[in-house]
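Fold and geometry: a report
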2 protein chains.
Amino acid sequence: MTGKHTDRAARIISRCRQIATCTEVPGEITRLFLTPPMHEVHALLRDWMEAAGMTVRIDAIGNLRGFWPGLVPGSPRLLIGSHLDTVPNAGAFDGILGVVLGVTIVEELGGDLLPFAIEVIGFSEEEGVRFNKPFLGSLALVGKLDADTLARTDRNGVSVRQAIDDYGLDPTPLPAATLAGGAFAYLEIHIEQGPVLESEDTALGIVEALVGQTRMELIFTGQANHAGTTPMHLRHDAIAAVAEWIVAVEAYASSHQPLVATVGRIEAAPGAGNVIAGHVTASLDLRHADDNARRASVTAVLQLAEKAATRRGVHVTSAPQLEQSAVPLDPHLTAVLCRAAAQACHPTRRMTSGAGHDAMILAPTIPSAMLFLRSPGGLSHHPDETVLPQDVEAAIATAMEFLAQLRDDRTNPKDGHA
Amino acid sequence: MTGKHTDRAARIISRCRQIATCTEVPGEITRLFLTPPMHEVHALLRDWMEAAGMTVRIDAIGNLRGFWPGLVPGSPRLLIGSHLDTVPNAGAFDGILGVVLGVTIVEELGGDLLPFAIEVIGFSEEEGVRFNKPFLGSLALVGKLDADTLARTDRNGVSVRQAIDDYGLDPTPLPAATLAGGAFAYLEIHIEQGPVLESEDTALGIVEALVGQTRMELIFTGQANHAGTTPMHLRHDAIAAVAEWIVAVEAYASSHQPLVATVGRIEAAPGAGNVIAGHVTASLDLRHADDNARRASVTAVLQLAEKAATRRGVHVTSAPQLEQSAVPLDPHLTAVLCRAAAQACHPTRRMTSGAGHDAMILAPTIPSAMLFLRSPGGLSHHPDETVLPQDVEAAIATAMEFLAQLRDDRTNPKDGHA
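Residues numbered from 1 in each chain as written. Chains lettered and ligands numbered in written order. Predicted model: local features only at pLDDT ≥ 70, side-chain atom pairs only at ≥ 80, totals over all residues. Heavy atoms only, no water.

Brief notes about the overall build of chain A
Along chain A, the regular secondary structure elements total 12 helices and 16 strands. Its C-alpha atoms give chain A a radius of gyration of 24 Å, within 12% of the compact-globule value 22 Å for 418 residues. Counting only C-alpha atoms and orienting by the principal axes, one finds that chain A spans roughly 80 × 45 × 40 Å. Across the 418 residues that make up chain A, the buried fraction comes to 59%. (Helix = DSSP H or I, 4+ residues; strand = E, 2+ residues; numbered from the N terminus. Rg over C-alpha atoms; globule rule 2.2 N^0.38 Å. Buried < 20%, exposed > 50% of the residue type's maximum accessible area, 1.4 Å probe, protein only.)

A word on a nonpolar patch on the surface
On the surface, Leu71, Val72 and Leu113 of chain A cluster together into a nonpolar patch covering about 270 Å² of accessible area. With respect to the element layout, valine 72 of chain A can be found in the loop between strand E2 (64-68) and strand E3 (77-83). (Patch = residues over 30% accessible without salt bridge, like charges linked within 9 Å, V, L, I, M, F, W, Y side chains within 5 Å. Areas by Shrake-Rupley, 256 points an atom, 1.4 Å probe, with all protein chains shown as cover. Salt bridge = Lys/Arg side-chain N within 4 Å of Asp/Glu carboxyl O.)

As for the side chain of asparagine 63 of chain B
Residue and element names in this part refer to chain B. Mapped onto the elements, asparagine 63 comes out in the loop between strand E1 (55-58) and strand E2 (64-68). Residue asparagine 63 is classed as buried on the basis of its relative accessible area of 0%. Within polar-contact distance, the side chain of asparagine 63 engages the backbone nitrogen of serine 124 at 2.9 Å. Here asparagine 63 is in contact with Arg57, Ile58, Ile121, Gly122, Phe123, Ser124 and Gly137, once residues within four sequence places are set aside. (Polar contact = N/O pair within 3.5 Å; in protein donor to acceptor, adjacent residues only side chain to side chain. Contact = heavy atoms within 4.5 Å.)

Focus on the packing of aromatic side chains
The final tally for this structure, using the stated rule, is 8 aromatic pairs over all chains. An angle of 70° between the planes, with centres 6.3 Å apart, marks the rings of phenylalanine 123 of chain B and tyrosine 186 of chain B as edge-to-face. Within this pair, whereas phenylalanine 123 of chain B is found in strand E4 (residues 117-123), its partner tyrosine 186 of chain B is found in strand E5 (residues 183-191), the two being separated by 63 residues in sequence. The ring of phenylalanine 184 of chain A is capped by arginine 410 of chain A, whose NZ or CZ atom sits 4.3 Å from the centre of that ring. (Phe/Tyr/Trp six-rings, centres within 6.5 Å; stacked < 30°, edge-to-face > 60°. Lys NZ or Arg CZ within 6 Å of the ring centre and 35° of its normal.)

As for the relation of the copies chain A and chain B
Overlaying chain A with chain B gives an RMSD of 0.1 Å, the required rotation being 180° about an axis along which the chain moves by 0.1 Å. Put plainly, the chains are arranged around a two-fold axis. Ranked by how close their C-alpha atoms come to the rotation axis, the residues of chain A are headed by alanine 243 of chain A, at 2.1 Å. Taken together, the interface assignments show that 100% of the residues at the interface of chain A recur at the interface of chain B, consistent with an identical surface on both copies. (Least-squares fit on C-alpha atoms with pLDDT ≥ 70 in both.)

Digging into the environment of alanine 397 of chain B
If you trace the backbone, alanine 397 of chain B turns up in helix H12 (residues 389-411). Among all residues touching alanine 397 of chain B, those that are not within four sequence positions of it are Arg8, Ala344 and His346 of chain B.

Here's the deal with the environment of leucine 284 of chain B
All names here are of chain B. Inspection of the secondary structure puts leucine 284 in strand E12 (residues 279-288). A relative accessible area of 1% places leucine 284 in the buried class. With 45 residues separating them along the chain, leucine 284 and isoleucine 239 place their C-alpha atoms 15 Å apart. When sequence neighbours within four positions are dropped, the list of residues in contact with leucine 284 reads Thr214, Arg215, Met216, Leu218, Trp245, Val249, Thr262 and Val301.

Quick notes on helix H9 (residues 291-310) of chain B
Residues and elements named next belong to chain B. Between its first and last C-alpha, H9 extends 29 Å over 20 residues, near the 28 Å set by a 1.5 Å rise per residue. Taken together, the buried positions of H9 are Asp291, Arg294, Ser297, Val298, Ala300, Val301, Ala305, Ala308 and Ala309. Those residues of H9 that are buried lie in contact with strand E7 (212-221), helix H8 (238-254), E12 and strand E13 (315-324). One side-chain oxygen of the residue at the start of H9 lies 2.8 Å from the amide nitrogen of asparagine 292, identifying that residue as aspartate 290. (Expected span 1.5 Å × (residues − 1).)

Let's talk about the packing of helix H10 (residues 331-343) of chain A against helix H12 (residues 389-411) of chain A
Residues and elements named next belong to chain A. Two elements in contact, H10 and H12, have axes whose closest approach is 8 Å; the angle formed by their N-to-C orientations is 125°. By the criterion of interaxial angle, the relationship of H10 to H12 is oblique. The chirality of how H10 crosses H12 is right-handed. Taking contact as the criterion, the partners of His332, Leu333, Val336, Leu337, Arg339, Ala340, Ala341 and Gln343 in H10 are, on H12, Thr398, Glu401, Phe402, Gln405, Leu406 and Asp409. (Axes fitted to C-alpha atoms, helices over the stretch in contact; angles between N-to-C directions. Parallel < 35°, antiparallel > 145°, perpendicular 65-115°, else oblique. Left-handed = near helix turned anticlockwise from the far one by under 90°.)

Some details on the pairing of strand E7 (residues 212-221) of chain A
Note on strand geometry: in a regular strand, side chains alternate between the two faces of the sheet. All names here are of chain A. Where E7 meets strand E12 (residues 279-288), 10 bridges bridge the pair, whose relative direction is antiparallel. Bridge assignment links isoleucine 219 to a residue of E12, and that residue is threonine 281. Taken together, the 9 bridges between E7 and strand E13 (residues 315-324) define a ladder with antiparallel strand orientation. Bridge pairing in E13 places arginine 215 opposite leucine 322. (Pairing = 2+ DSSP bridges.)

Let's talk about the interface of chain A and chain B
Opposite the 51 residues of chain A that make contact, chain B presents 51 residues. For the chain A and chain B pair, buried surface summed over both sides reaches about 4,100 Å², with 61% attributable to carbon and sulfur atoms. Of all residues in chain A, the largest losses of buried area upon contact with chain B belong to Thr229, Met232 and Ile266 of chain A, amounting jointly to 14% of the total for that side. The interface formed by chain A and chain B holds 2 salt bridges in total. Linking glutamate 250 of chain B and arginine 312 of chain A is a salt bridge whose minimum nitrogen-to-oxygen distance equals 2.5 Å. Counting across the interface, chain A meets chain B through 8 residue pairs in polar contact (both at pLDDT 80 or more). Looking at the side of chain A that touches chain B, the elements that each hand over two or more residues are helix H7 (196-199), strand E8 (225-226), helix H8 (238-254), strand E9 (260-262), strand E10 (266-269), strand E11 (275-276) and E12 of chain A. For the side of chain A that touches chain B, the element with the most residues is H8 of chain A, which contributes 9 residues. Here the residues of the side of chain A that touches chain B sort into 23 nonpolar, 19 polar and 9 charged. (Buried area = accessible area lost by both parts, 1.4 Å probe. Nonpolar A, V, L, I, M, F, W, Y, C, P; charged D, E, K, R; others polar.)

Description of the state of the cysteines
In the structure shown here, the tally under the stated rule is 0 disulfides over all chains. Free cysteine cysteine 338 of chain A: the closest other cysteine sulfur is in cysteine 345 of chain A, separated by 15 Å. Cysteine 16 of chain B forms no disulfide, and the closest cysteine sulfur to it belongs to cysteine 22 of chain B, at a distance of 12 Å. (Disulfide = S-S within 2.5 Å.)

A word on the side chain of glutamate 385 of chain B
Residue and element names in this part refer to chain B. Locating glutamate 385 in the fold gives a position in the loop between strand E16 (368-373) and H12. Despite being buried, glutamate 385 has no salt bridge partner; arginine 17 is the closest side chain of opposite charge, sitting 7.9 Å away. Engagement of the side chain of glutamate 385 in a polar contact is seen with the backbone nitrogen of alanine 92, the distance being 3.4 Å. Within the structure, the side chain of glutamate 385 is placed 3.1 Å from the backbone nitrogen of histidine 381, a separation counted as a polar contact. Discounting chain neighbours no more than four positions away, the residues touching glutamate 385 are Arg17, Gly91, Ala92, Phe93, Asp94, Ile191, Leu379 and Ser380. (Lys, Arg positive; Asp, Glu negative; His and termini not counted.)

Considering the pattern of salt bridges
All names here are of chain A. Under the counting rule described, the total for this entry stands at 46 salt bridges over all chains. Across the pair arginine 130 and aspartate 154 runs a salt bridge, and its minimum N-O distance is 2.9 Å. In this pair, arginine 130 is assigned in the loop between strand E4 (117-123) and helix H4 (136-141) and aspartate 154 in the loop between helix H5 (147-151) and helix H6 (160-166), connecting sequence segments 24 residues apart. Arginine 130 gets classed as buried once you look at its relative accessible area, which sits at 17%. Since its relative accessible area comes to 9%, aspartate 154 is described here as buried.

What about the confidence of the model for chain A?
Mean pLDDT over chain A stands at 94; residues scoring 70 or higher make up 96%. Interface confidence for the predicted complex, expressed as ipTM, amounts to 0.86; the pTM equals 0.86. (pLDDT = per-residue confidence, 0-100.)

Let's talk about the packing of H8 of chain A against helix H9 (residues 291-310) of chain A
Residues and elements named next belong to chain A. Look at H8 against H9: their axes get within 8 Å of each other, and the N-to-C directions meet at 150°. The pairing of H8 with H9 is recorded here as roughly antiparallel in orientation. Both H8 and H9 take part in a crossing whose hand is right-handed. Along its contact with H8, which presents Ala241, Glu244, Trp245, Ala248, Val249 and Tyr252, the element H9 presents Ala296, Ser297, Ala300, Val301, Leu304, Ala305, Ala308 and Ala309.

Quick word on unusual backbone geometry
Note on backbone geometry: most residues besides glycine have negative phi, and most peptide bonds are trans. Residue and element names in this part refer to chain B. Look at the link from glutamine 257 to proline 258: it is a cis peptide, with omega at 5°. Along the chain, proline 258 falls in the loop between H8 and strand E9 (260-262). Cis geometry marks the peptide bond from alanine 269 to proline 270; its omega dihedral reads 5°. Locating proline 270 in the fold gives a position in the loop between strand E10 (266-269) and strand E11 (275-276).

In structure tokens, the structure reads:
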């Protein structure tokens, strides 16, 4: 790594940490959708973008959009972005790293114009905390922010529409926040927020798809009874039934990788140590990049619940809570990203994203690719969330090669994708 | 069953239901230690006892004590009793049935005097609800009510001592509540509060021992993590660990009958459906009539917890909360009770009691025996708790034979026990 390269990674990390000081809660990083500290974030990014020669505006949903022109007016646009908001008591890199990297990419061009324009987007909302609904920024960009969403209210009774107005923006031209066409690709760079890359000692991951997800609640109903006077063979123990099921879910998912299945919430009633539980509710979160595989797994896992319950004379019911299809990313763009990393001499791992990202919203409209950076300790949504400087350097080098590949593609179309 | 016998069972049930109307909470049966409705209970029982020729007093802890003399002054005494208090929203038979049966037994003597006196005792407290400590009545009887217990306060800040005073009793002569010697046996008749007798279509159970008990809390500490981004093999899932353990506990107890082991309380943190649980606390309640078997089971079950945790990189700790030895009942008196039931042509099942009873407190001081009546549906501590008239008749017939056997024993000592 050259000194210059060390410097640019350090600068990116430093900028992320500077933006982390823009917070609603002193001493932690908490920055919800269009809250006052977002003004400071916009001001910092605007300064850096304008210094790099970009034209900056804030659209009607509060997305910050920095434009770097292409060789000719009306050139197609490459979008690069991620989100500006955070969860409560967050880390300094989730989302914002991808925006700061976008600025750096334009800076690294050193004034060069490409056969395409670049728009760096800082999405105003992705985490879904303030209005209990995620992706407000990217949904607006693709014209999918509906009236119901605009009418949602936060815990203070403020609607999305009012929040936009309070921030000093005009919600009326929201349709104008949508992409005006001409965008041929979207690149999102994001921390992995998981332990896979670290466990394989790899800096970068190439995301092929964002997993689909099923969330359900299961209710096991047995018979509450005296822990001392009820012999084992006369019990209808709802906790024992759910426990057998949880172990079976874990075993099933482990033998059907890359499926992940989680029971994260369990509540037993009456919940006394000396009473056999008569009633247990448990959550199921099941994710897979292949929707058919996910649906088959849901069926199998519900059968396992039935089996664990029935043999104890326990009754089980399930209620769906969320059903979300997988979102594949663009195969051609993903291949370009892989080549770019190889060209930059950084080994990568192809993987799926188990978490949602803005790319999930953009991908059905714009060919999209995602680059993951290793998360030390797999840690995210936590103050200790971090990135390694060498991984940031690998990401910027890969991104610059990605631009070069796209430039070459557009200059010498080889396979009809350009 | 003769008409007369049908009548006496119906009268016993009717008296229990009448006493059930003495309640702190209209519409349910709730009668805690020395609360106002206990005055009505005392009045009813006193009337029935005095009508049967008994001498009645209320001792310093509020136990109601009805005395029927023996053939000669100073005859040894047979104690017959159970408790007068209830849990909140209780049934009409838990405890009180044994006291009402005691009165009926004296009535059935028809004025006959035996070579021993009979004292029917309605213990003032057994459930432990008001002062979060059970057996106050029977502990006082055997002189084990200590100063710490007398100083305990209820949820209104009233001490045990004050409650005695408020009821109109004098707590000063509490030592006088103790048994003055001369009691040679204690018989307690109680509903089973479990499903065993019903499942075997048997009216009566002869209790050989009250089980010993271990209660513990286990804490499983894994690593909270994202349910979507953490593959199965990189998890430290505390819920999965505790689930494997619960299934193992159930299997262990099932294969080590008559051991019973229960996990009735489980609390997982952070407790969100999309987060792998990092922290779970769970209760363990383990009971066996053989203390050595119980201790060995605790060791085995803790090893199972260690095994389930370790293979997931989860840490487990355990903290004891209660350790209570088993209480064997008197083998000779128990044999007499078995013979009595056989003589009365009622098949019985020898069993242990998984719940605590006053006999547990008296047995170390006075040879004690216990007779269980089948609990329809295994139901207790519930408004639907009931008894079958034919089982009540079987109990009274067995009790009268028990008295006859004791009389014969004392008249013609055969084996040195009389």
